[in-house]
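Remarks on the overall topology
Chain residues, written in single-letter form:
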Amino acid sequence: MSEQSQPVPHQSDEQSTVNGLQRTNASRSKQRIGVAFEFACRMSTWFSVAVLVVLLAGLIWKSWGWLDADFLTNFDSRHPGEAGIWAGIWGSVWLMFFTMLFSVPIGIGAAIYLEEYAPPTRLTRFIQINLSNLAGVPSIVYGILGLTTFVRMFGAFGANQKVLAISLGFGNLRIPLPLDRTVLSAALTLSLLIMPVVIVAAQEALRAVPGSIRHGSFALGATKWQTIRHQVLPASLPGILTGVILAVSRAIGETAPLLMVGAFMFVTSTPGGIQNPVDLLTNPQGVLDAPFEPFTAIPIQILNWVQHHKHEFEHVAAAGIIVLLVVLLVMNASAVLLRNRYQSKVRW
Amino acid sequence: MLQGRMWSAGLVLGLLGLSGCGELQDASNADQTGGKKQIVIDGSSTVLPISQAVAEEFEKLHPEVRVVVGRSGTGGGFKKFVLGEIDINNASRPIENTEIAKCRENKIEYVELTVAIDGLSVVVNTQNDWCPGLTVAQLKAIWEPNSKINKWSDLDAAWPNKTIKLYGPDTDSGTFDYFTEVICGESGASRSDYTPSADDNLLVRGVSGDKYSLGYFGYAYYAENKNELRALPIAVDAGSEFIAPTDQNIESGKYVPLSRPLFIYANRAECARKDVAEFLNFYMSDEGQKLVGEVGYVRLSEELIKEPRERLAAALVSEAAK
């Protein structure tokens, strides 16, 4: 360097000045980069907030005056003023109940096996990789799977639908075979859809429990079952619950797989004829029938209204979207609450 | 350990016992033992608003009957219809030969009923002041596969030298099948470099937001958006009169060749059911036809509705006799 710059006279003087300048320049530009970076991050945050605000403001503006008690408790109608989302709300409630019923125990069970019991073989790794891949499969694919597996049951029952009637003391369980376009078919499909997400989330939560806790438990003579039951599960429960609720929140907004398994656009009844929580106790036959009835769901009704040729249905659709958003917010809020509640209970 | 085994043994026995009480019945028998059954309708999104309106009014008259209406597109609905999965299919085009063959294969008989008329509307932006109307030959030139028409000036040298932005229904739609059949001469033959959508409201928005655009969709969507769109009058050939899609022109049959009948296809075996028979009668009655007009479609003239009414009556009589 010094040899190359020799032809220039008074080089050393100049260089020192230049170097001095460079040093201040460098620190200034570093500071500038720091400021710019912070600004960019801040903008990213505000950008998403701004988008949300614009979206919400637009929705509230459009649905103003349309989202009222009648909208919540009416069935759908060709008159925009009379159309309501009652059938969709109950459809979504039943869907979510059965989806959780199937996906949560199986999902958590699989996660516990993979984390606590499974030997680290090639097969385990293969399953692990496939689970992560399944979590990213587009939902419509699950819809097609659900259509052949549950709705048609591979055509195993031919053209004539059969009914498996089971008499329980308080009513009759009537299971259509194949399952046909029912709440149960859709719930099973959604269960498959969210199960990989539940498993992966539950695994993360289990992994976050320090190994020293397990070792300590073993050292005190606890069995593997006792360790999992009394140490690992309670400690990971908040994380598992959060994962489950976020997965279910994803399922409740799904439209494509529901359309595929045959959700209906226009339905003027609730599954099992159950219209309020009290009916769940007073109408046991309705509860038994509910999983096997045709249904609609909140996102399906919104889709129908969005695509309707009458302009007024835009407002009805906006009101429906707000209902869906509120349901999502309530579910996410309960996730946070549950997490906080259980987190405070964990004491080592 | 032992306890655990006893638990699982008990569980298995319990499940066995439960399924032991169950008996497998035919769905039709199960209905008599108290299971509710509903009228299941599916198919075209174009016919959906009509069937939905008829279902709504029918349920007011017969609160004990439940009607559910789905939307799978005409073709998607027929796929379920030929398997006997649904009672009635909404169709915006006649049943195709392959679908008829599948019906035969599965021993499904059907009755075809015309319920309304739709006038496929070719629409442009309201700022389009150069194009007074198009002939069928011009439409074909625009929409046929490998079309050479890309600019308005390709149709008429006096028109703007601007690219025509094309909007149309997607390939699952019965509207697409019908338009390509009568305009391009073969069902499904269409250029593919246009903006397709299953949501007609998106097509409306596309055309109303673009001065040099052109699109086509069902009459109801044009009728609802008359302020934002202009429907082009269509002439059969260069010498004939240009006819605009209006209620009168569509009903009287003057708006050719883009007027099309809308159908419902009912499974004949299901027509033996009292609720289905009553529903179909209501659909074809004057009240039912009034609803057709109310939701934005063109009802059948007295003359045109005679034939489907007679066909329905004959089908109901013969099915009830079986």
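Criteria and cut-off values
Residues numbered from 1 in each chain as written. Chains lettered and ligands numbered in written order. Predicted model: local features only at pLDDT ≥ 70, side-chain atom pairs only at ≥ 80, totals over all residues. Helix = DSSP H or I, 4+ residues; strand = E, 2+ residues; numbered from the N terminus. Buried ≥ 20, exposed ≤ 12 C-beta atoms within 10 Å, placed from the backbone. Rg over C-alpha atoms; globule rule 2.2 N^0.38 Å. Domains from an automatic or database assignment. Pairing = 2+ DSSP bridges. Axes fitted to C-alpha atoms, helices over the stretch in contact; angles between N-to-C directions. Contact = placed C-beta atoms within 7 Å. Nonpolar A, V, L, I, M, F, W, Y, C, P; charged D, E, K, R; others polar. pLDDT = per-residue confidence, 0-100. Parallel < 35°, antiparallel > 145°, perpendicular 65-115°, else oblique. Left-handed = near helix turned anticlockwise from the far one by under 90°. Arc of directions from axis to C-beta.

The next thing to look at is the overall build of chain B. Check the secondary structure of chain B and you find 14 helices and 13 strands. Residues counted as buried form 43% of the 322 residues belonging to chain B.

Our focus in this paragraph is the overall build of chain A. Within chain A, the regular secondary structure consists of 13 helices and 2 strands. Here the C-alpha atoms of chain A give a radius of gyration of 29 Å, more than 25% beyond the 20 Å that 2.2 N^0.38 yields for 348 residues. Dimensions of chain A, computed from the C-alpha atoms along their principal axes, are close to 105 × 65 × 40 Å. Evaluated residue by residue, chain A yields a buried proportion of 37% over its 348 residues.

Take the domain arrangement of chain A next. Parsing chain A into structural domains produces domain 1 (19–63) and domain 2 (68–343). On a C-alpha basis, the centroid separation for the pair domain 1 of chain A and domain 2 of chain A is 38 Å.

Mapped onto the elements, B:A314 comes out in helix 14 (residues 302–321). The spacing of B:A314 and B:V69 is 245 residues in sequence and 25 Å in space, taken between C-alpha atoms.

Here we come to the sheet that holds strand 13 (residues 259–267) of chain B. All names here are of chain B. Read from one edge to the other, the open sheet built from 5 strands follows the order 3-2-4-13-5, with strand pairing classed as mixed. Since the sheet does not close on itself, it has two edges, and those belong to strand 3 (67–69) and strand 5 (110–119), each with one partner. Between one strand axis and the next, the sheet turns by 20 degrees as a mean value, whatever way the strands run. Two elements, strand 5 and strand 13, share 9 bridges in a ladder whose sense is antiparallel. Among the inter-strand pairings, G119 is bridged to a residue of strand 13, identified as S259.

On to the domain arrangement of chain B. All names here are of chain B. By domain assignment, chain B separates into domain 1 (9–117 + 261–320) and domain 2 (121–257). The partner domain 2 presents 14 residues to the 14 residues of domain 1 that form the contact. When residues in the side of domain 1 that touches domain 2 are grouped by element, the largest group, 4 residues, is from helix 4 (residues 73–81). Considering only residue class, the side of domain 1 that touches domain 2 consists of 4 nonpolar, 9 polar and 1 charged.

With that settled, consider the sheet that holds strand 8 (residues 165–169) of chain B. Residue and element names in this part refer to chain B. The 5 strands are arranged 9-8-10-6-11 in an open sheet whose pairing can be described as mixed. Strand pairing shows two members of the sheet lacking a second neighbour, strand 9 (195–197) and strand 11 (229–231), which therefore form its edges. For this sheet, the mean inter-axis angle between neighbouring strands, taken without regard to orientation, is 25 degrees. Summarising the sheet, strand 8 and strand 9 pair through 3 bridges and their orientation is parallel. Considered in strand 9, the bridge of Y167 is made with T195. Along the sheet, helix 9 (residues 200–208) contacts strand 6 (121–125), strand 8, strand 9, strand 10 (213–217) and strand 11; its crossing angle with strand 10, the most-contacted strand, is approximately 155 degrees.

Attention shifts here to the confidence of the model for chain B. All names here are of chain B. The pLDDT averaged across chain B works out to 88; a share of 90% of its residues lies at or above 70. Here residues 29–35 scores under 50 on pLDDT; set against residues more than four positions off or in separate chains, the count is 8 contacts. Here the prediction assigns the complex a pTM of 0.85, and the interface score ipTM is 0.84.

Let us now look at the packing of helix 6 (residues 183–207) of chain A against helix 8 (residues 224–252) of chain A. Residue and element names in this part refer to chain A. Between helix 6 and helix 8, the shortest axis-to-axis distance is 8 Å and the interhelical angle comes to 150 degrees. By the angle between their directions, the pair helix 6 and helix 8 is classed as roughly antiparallel. The interaxial crossing formed by helix 6 with helix 8 has right-handed handedness. Contacts from L190, L193, I194, V197, V198, A201, A202, E204, A205 and L206 in helix 6 reach V232, S236, G239, I240, G243, V244, A247, V248, R250 and A251 in helix 8. Here the contact of helix 6 with helix 8 is built from residues that sort into 15 nonpolar, 3 polar and 2 charged.

Of the residues lining the interface, 25 residues belong to chain A; the matching set on chain B comes to 34 residues. If you list the elements that add at least two residues to the side of chain A that touches chain B, you get strand 1 (162–168) and strand 2 (171–177) of chain A. It is strand 1 of chain A that provides the largest number of residues to the side of chain A that touches chain B, a total of 6 residues. Per-class residue counts for the side of chain A that touches chain B are 11 nonpolar, 10 polar and 4 charged.

All names here are of chain B. Burial along strand 4 (residues 88–91) is two-sided: the residues I88 and N90 and N89 and A91 are all buried. As paired strands, strand 2 (residues 39–43) and strand 4 are joined by 3 bridges and run parallel to one another. Residue I41 lies in a different strand from strand 4, and its bridge partner there is I88.

A few words on helix 13 (residues 286–294) of chain B. All names here are of chain B. Residues G288, Q289, L291 and V292 constitute the buried set of helix 13. All buried residues of helix 13 lie within an arc of 150 degrees about the axis, which places them on one face of the element. Exposed residues on helix 13 whose side chains face more than 90 degrees from its buried face are D286 and K290. Buried residues in helix 13 make contact with helix 3 (48–61), strand 5, helix 12 (274–284) and helix 14. Just downstream of helix 13 lies G296, where phi reads positive at about 105 degrees.

Turning our attention to the environment of B:R230. All names here are of chain B. Of note, R230 is situated in strand 11. The spatial distance from the C-alpha of R230 to the C-alpha of R299 is 22 Å, given a sequence separation of 69 residues. Ignoring sequence-local partners within four residues, the contact set of R230 consists of V123, V124, T126 and N128.

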